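Structure at a glance
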Amino acid sequence: MAIRAIRTIGEECLGKVCKPVKEINERMEILIDDMFDTMYEARGVGLAAPQIGILRRLCVIDVMDDDPIILINPEVLETRGEQTDDEGCLSVPGKVASVTRPNYVKVKSYDMDMNEVIIEGEGLRARAILHEMDHLDGILYGQRANEPYRDLEEEAWEEE
């Protein structure tokens, strides 16, 4: 597998709406494996295809709950509740911001055989699903934030 370059804020591909995945072929399987490898190498909990320059509706997520997720052409079916917490993003390195999102989400997606599946999440899992799905519509978390981005390095210095 390969580690792909992660695109960062300001790059055009991060602001584009992605096209649906039409089929899962060998090339797409390699892409999904590479996305997981890239996400793990970068120590993230999610990665969407546009973050590596691929404008397809595809994300991978692993919030370390022993249930990694592949989202192919996902659609939100239901949300409820509310949670507010800091979010970061592999495409916005060194920054965080407070974002309010639903505490629960139910999503229709497709599996590796292009069969429809329903995926649910609460807490961090819901946050990660919605964060990665935003990337598919060209939305960075700063557009949903309750505040401007904060610099993680500055906060670390202030705590010392």
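Above this text is the structure in question.
Everything in this summary refers to the structure shown in the same document. (Residues numbered from 1 in each chain as written. Predicted model: local features only at pLDDT ≥ 70, side-chain atom pairs only at ≥ 80, totals over all residues. Heavy atoms only, no water.)

**Digging into the packing of aromatic side chains**
A complete count under the given rule lists two aromatic pairs for this structure. Between phenylalanine 36 and tyrosine 40 the ring centres are 5.9 Å apart and the planes differ by 25°, which places this aromatic pair in the stacked class. Of this pair, phenylalanine 36 and tyrosine 40 both sit in helix H1 (residues 26–41), four residues apart, which is roughly one turn of that helix. Taking relative accessible area as the criterion, phenylalanine 36 reaches 13% and is therefore assigned buried. For the pair tyrosine 141 and tyrosine 149, a centre-to-centre distance of 5.1 Å together with 70° between the ring planes defines the contact as edge-to-face. One Lys or Arg, arginine 80, reaches over the ring of tyrosine 104 and ends 3.9 Å from the middle of that ring. (Phe/Tyr/Trp six-rings, centres within 6.5 Å; stacked < 30°, edge-to-face > 60°. Helix = DSSP H or I, 4+ residues; strand = E, 2+ residues; numbered from the N terminus. Buried < 20%, exposed > 50% of the residue type's maximum accessible area, 1.4 Å probe, protein only. Lys NZ or Arg CZ within 6 Å of the ring centre and 35° of its normal.)

**Some details on the nonpolar core**
The biggest cluster of nonpolar side chains holds 16 residues, and the ones touching the most others in it are Ile61, Ile69, Leu71, Val105, Val107 and Ile129. Contributions of two or more residues to this core are made by strand S2 (58–61), strand S3 (69–80), strand S6 (104–110) and helix H2 (124–136). Examining the composition of this core, we find that six residues originate from one element, H2, more than from any other. Sequence-distant contacts of valine 105, that is, excluding residues within four places in its chain, are made with Val76, Glu78, Thr79, Ile119, Glu120, Gly121, Ala126, Ile129 and Leu130. (Core = buried A, V, L, I, M, F, W, Y, C linked by side-chain atoms within 4.5 Å. Contact = heavy atoms within 4.5 Å.)

**Re the pattern of salt bridges**
When charged atoms on two side chains of opposite charge get close, those side chains can pair. Applying the stated criterion across every chain, the model contains 16 salt bridges. The partner of glutamate 12 in a salt bridge is lysine 16, with the nearest N and O atoms 3.1 Å apart. Here lysine 16 falls in the partly exposed class, since its relative accessible area comes to 32%. (Salt bridge = Lys/Arg side-chain N within 4 Å of Asp/Glu carboxyl O.)

**Looking at the sheet that holds S6**
In a beta sheet, neighbouring strands are held together by backbone hydrogen bonds and run either parallel or antiparallel to one another. The strand order S1-S2-S3-S6-S7 describes an open sheet built from five strands, whose pairing is antiparallel. Looking at which strands have only one partner, the edges of the open sheet turn out to be strand S1 (46–48) and strand S7 (116–122). Here the average twist between neighbouring strands, direction ignored, is 40°. Where S1 lies against S2, three bridges are found, and the strand directions are antiparallel. Directly across from alanine 48, in S2, lies its bridge partner cysteine 59. (Pairing = 2+ DSSP bridges. Axes fitted to C-alpha atoms, helices over the stretch in contact; angles between N-to-C directions.)

**Some remarks on the side chain of asparagine 73**
Here asparagine 73 lies in strand S3. At 2.7 Å, the side chain of asparagine 73 and the backbone nitrogen of valine 21 are in polar contact. Each residue touching asparagine 73, except ones within four places of it in the same chain, is listed here: Pro20, Val21, Arg57, Lys108, Ser109, Tyr110 and Met114. (Polar contact = N/O pair within 3.5 Å; in protein donor to acceptor, adjacent residues only side chain to side chain.)

**Structural notes on unusual backbone geometry**
Even without glycine at this site, aspartate 66 takes up a positive phi of about 60°. Mapped onto the elements, aspartate 66 comes out in the loop between S2 and S3. Even without glycine at this site, asparagine 73 takes up a positive phi of about 50°.

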